[in-house]
Structures are given as structure tokens and as C-alpha cells.
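Each chain, letter by letter, is given below.
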Amino acid sequence: MNTFTTVTVLGTGVLGSQIAFQTAYAGFDVVAWDVDDAAIASARARFAELAKTYAAEVAGAADGRADAALERIRTTTDLADATADADLVIEAVPENPEIKKDVWARVGAAAPAKTIFATNSSTLLPSAFMDASGRPDRFLALHYANHIWAQNTAEIMGTPKTSPEVYARVVAFAKEQGMVPIELKKEQPGYVLNSLLVPLLNAASALWVDDVADIETIDKTWRIGTGAPLGPFQIFDIVGLVTAYNISLMGDETSRRFAARLKSEYLDQGKLGTSSGAGFYTYPQK
Ligand code: NAD
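The rules behind these values
- Residues numbered from 1 in each chain as written.
- Predicted model: local features only at pLDDT ≥ 70, side-chain atom pairs only at ≥ 80, totals over all residues.
- Heavy atoms only, no water.
- Near = heavy atom within 4 Å.
- Polar contact = N/O pair within 3.5 Å; in protein donor to acceptor, adjacent residues only side chain to side chain.
- Areas by Shrake-Rupley, 256 points an atom, 1.4 Å probe, with all protein chains shown as cover.
- Helix = DSSP H or I, 4+ residues; strand = E, 2+ residues; numbered from the N terminus.
- Core = buried A, V, L, I, M, F, W, Y, C linked by side-chain atoms within 4.5 Å.
- Buried < 20%, exposed > 50% of the residue type's maximum accessible area, 1.4 Å probe, protein only.
- Contact = heavy atoms within 4.5 Å.
- Phe/Tyr/Trp six-rings, centres within 6.5 Å; stacked < 30°, edge-to-face > 60°.
- Pairing = 2+ DSSP bridges.
- Right-handed = clockwise from strand over helix to strand, strands pointing away.
- Axes fitted to C-alpha atoms, helices over the stretch in contact; angles between N-to-C directions.
- Parallel < 35°, antiparallel > 145°, perpendicular 65-115°, else oblique.
- Nonpolar A, V, L, I, M, F, W, Y, C, P; charged D, E, K, R; others polar.
- Salt bridge = Lys/Arg side-chain N within 4 Å of Asp/Glu carboxyl O.
- Patch = residues over 30% accessible without salt bridge, like charges linked within 9 Å, V, L, I, M, F, W, Y side chains within 5 Å.
- Left-handed = near helix turned anticlockwise from the far one by under 90°.

1. A word on the site of the ligand
- Of all residues adjacent to the ligand, which total 23 residues, the nearest are V14, L15, D34, E95 and K100.
- One of the backbone N or O atoms of T12 is found 3.0 Å from an oxygen atom in the ligand.
- At 2.8 Å from an oxygen atom of the ligand is found a main-chain nitrogen or oxygen belonging to L15.
- Here the ligand, which alone exposes 840 Å², has 72% of that area covered by the protein.
- Looking at the shell around the ligand, the elements that each hand over two or more residues are α1 (14-25), α5 (97-110) and β6 (139-144).

Have a look at this one:
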């Protein structure tokens, strides 16, 4: 018997669509909410694409299981309808505090007493929104990685006000959903994964823009020296160079020099990372 029956996902962009699909794939009834009909049309296209990706890349998904997941996702633009029977609401709306606060206030006003609230925010702490929801004891962060079907970590981070019982139920749900739960004992910007990854990527980009070593040498050093399968620039290609550019623009002087080189040598040439077939390296297209 699963921890929850109905899971509502708010926002069906890059991550929300993956969270909704993975949750349906794991057998839960899913309601996917977005702002308007155009966003819902995009969501349906994303779900259809995810069904194909799962069939191609996830063991056992090709024998109808990926298509069956599509049947378990209901879409709506009505927030009260979306949350009316939700055991868990997972929010993946834009990384903008005002938008998130507004959405959580509306969810808090509409959802039944049983509902647990989770934000997938990458950079904002759950304590920033718990009060907007009106139910801080039922509020925490549940953070997924892009390409959820393969990079299946789910970082679970409560606030000092999160009820231990709510936290434990979300850990159980993450396992049922096919994730590896990563339990944080306290709030930490960047969770565990990005607390480790961001300093590595910053160090790699500084070594390159300061002309200490070239990209291949930096990556090779990390791979051979630690046994890791990927070097930092291979990881940049997976994260996507547009995201790397946007984050670097907000950093210190070295980060901004990295952003400038990313733009002139990669983005302006259409090299966006693995998704475009080329970034720091070139990749065969499927
Ligand atoms: P996205 O831009 O792809 O999707 C955002 C969704 O929110 C869209 O479906 C959009 O229609 C909807 N939306 C737009 N305006 C809105 C509004 N005013 N109110 C409510 N919904 C609105 O973004 P994303 O990359 O999926 O990121 C969503 C959240 O997930 C963010 O908090 C982000 O930090 C987090 N996240 C992203 C990644 C990633 O790799 N992209 C990884 C982990 C976590």
C-alpha cells in the first residue's frame, strides 16, 4: 500500500513534467496543474515525449508501462480542482519568490487538511514559503535532479517547523516513486548535491579562464585522480551551457569572465551542451 494515492504537481515545465510523469510511472494518480491552456498543451507534448524517452531508456518501460503512465495523469488549469483530493502537492513553478509565495497562498487556501506540501525549488529555502502556505508543519522541500528517470535522487529538506511524521511520509513516498531519498537534517542552500557540485564546477571554470590548464586536461585529471566517470566540463555539458551562463553572470569577476567566454565561444555558435549535440565536447545525436 503506497503512502499516498493522489499527487498533484504544480507547473509542468522542465522539472514539473518529469516529476508528474515519474510519479504516474510509479503508479500514483497524478494531477498536473499549469497556468493556462497553452501551458497544458505544452505539458501534454512533454508527457508524450517522456513516454518515448522512458520506453527507450528505462528497463521495462517499453512493454506498455510508459504509455500506461500517460493514462494516470490528469491535467487542469483550476488550482482548487487540482488540489481538492491531493495527498501531496509538489510545486515546480518558476524560481521566483513572489510567484512561489502567491501559488502557496492559493494552495493553502484551497487544499484539504490532509495535504502535504513540497517545493522543488533549487535555490530558495522552504522556510521562505512555509508561512505563505499557512501550514508550516506540513511544508518541506522535495528536490529532484533533471533527467529524473536516470539521475534519481530526491533530496528531502525540512524546516525547523516541519513535522517529523510529514518528513517520514515524504521519504517513504520518494522510495515508492523510484527515487533514492537523500535526507537532509537541516536547511542548506544547494542541498547536498549542489553544495558539492557548484564548488567543483567553479574551480574548474577558474582553472580554464585563468589559463592554468585546458578543458581536456582538467576533466582528465578529475576522472583519473578520483575515478569519477565524468569531468567537470562534461558535467557542464549535461547541465546545459545556458544555465551555466545565467548562473555565472551573477557570480564574481572570475565567474563573469567564464560567462563571457561561454557566450562568445559556445552559445553564439549554437553549442548549448549535450541537448544540442555540442558543448565543450561533441555528442552523436540520437
Ligand atoms: P520551467 O520554466 O521549465 O517551468 C515552470 C512552469 O511554471 C511552467 O510550466 C510554467 O507554465 C509555469 N508558470 C509560469 N508562470 C507561472 C506563474 N505565474 N504561476 C504558476 N506557474 C507558472 O522551470 P523548471 O526548470 O521546471 O523549474 C521549476 C522549479 O524546479 C524551479 O523552482 C527550479 O528551481 C526547480 N528545479 C529545476 C531543475 C532544472 O534542472 N530545470 C532541477 C531541479 C529543480
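Resuming the write-up.
2. Brief notes about the nonpolar core
- Membership of the largest hydrophobic core comes to 41 residues, with the highest contact counts inside it found for F21, Y54, L142, Y144 and F173.
- Sequence-distant contacts of L142, that is, excluding residues within four places in its chain, are made with I90, A118, T119, N120, A154, E155, I156, V170 and F173.
- Counting 21 residues, the second-largest nonpolar core is a separate cluster that includes W208, F233, L241 and F280.

3. A short note on the packing of aromatic side chains
- Scanning the entire structure with this criterion turns up 16 aromatic pairs.
- Relative to F258, the ring of F236 lies with its centre 5.2 Å away and its plane at 40 degrees, an arrangement referred to as tilted. Here F236 is found in helix α10 (residues 232-239), whereas its partner F258 is found in helix α12 (residues 253-265), with 22 residues between them in sequence. F258 carries the same exposure label as F236, and that label is buried.

4. Structural notes on the pairing of strand β2 (residues 29-33)
- Most of β2 is tucked away, with four of its five residues classed as buried.
- Bridge analysis of strand β1 (residues 6-10) against β2 gives five bridges, and the strand direction is parallel. Within the sheet, the bridge partner assigned to L10 lies in β2 and is W33.
- Running through α1, the crossover from β1 to the neighbouring parallel element β2 is right-handed.
- Bridge analysis of β2 against strand β3 (residues 73-76) gives four bridges, and the strand direction is parallel. Looking at the pairing, V30 lines up with I73 of β3.

5. A few points about the packing of helix α8 (residues 193-209) against α12
- Where α8 contacts α12, the two axes come as close as 9 Å, and the packing angle between them is 70 degrees. The orientation of α8 relative to α12 falls into the category roughly perpendicular. Contacts between α8 and α12 involve S205, A206, W208 and V209 on the former and, on the latter, T254, R257, F258, R261 and E265.
- The residue inventory of the contact of α8 with α12, partitioned by class, reads four nonpolar, two polar and three charged.

6. Regarding the sheet that holds β1
- In spatial order, the strands read β3-β2-β1-β4-β5-β6-β7-β8; together these eight strands make up an open sheet with mixed pairing. What marks the edges here is a single partner per strand, and that holds for β3 and β8 (180-184). Direction aside, the axes of adjacent strands within the sheet are offset by 25 degrees on average.

7. Focus: the pattern of salt bridges
- Applying the stated rule across the entire model yields 13 salt bridges.
- Residue R261 is joined to E265 by a salt bridge in which the shortest nitrogen-to-oxygen separation is 2.7 Å. One end of the pair, R261, and the other, E265, are both in helix α12, four residues apart, so they sit about a helical turn from each other.
- Here R261 falls in the partly exposed class, since its relative accessible area comes to 27%.
- Among the charged side chains, a network of salt bridges with common partners joins D85, D87 and K114.

8. A word on a nonpolar patch on the surface
- On the surface, a cluster of nonpolar side chains totalling about 340 Å² of accessible area is made up of I247, L249 and M250.
- Relative to the elements of secondary structure, L249 occurs in helix α11 (residues 241-249).

9. Description of the packing of α1 against helix α2 (residues 37-57)
- For the pair α1 and α2, the least separation of the axes is 10 Å and the interaxial angle reads 60 degrees. Classified by the angle their axes make, α1 and α2 are oblique. In this structure, α1 meets α2 at a crossing whose hand is right-handed. Of α2, the residues touching α1 (which contributes V14, S17, Q18, A20, F21, Q22 and Y25) are R46, F47, L50, A51 and Y54.

Any functional reading would require information beyond the geometric quantities listed.
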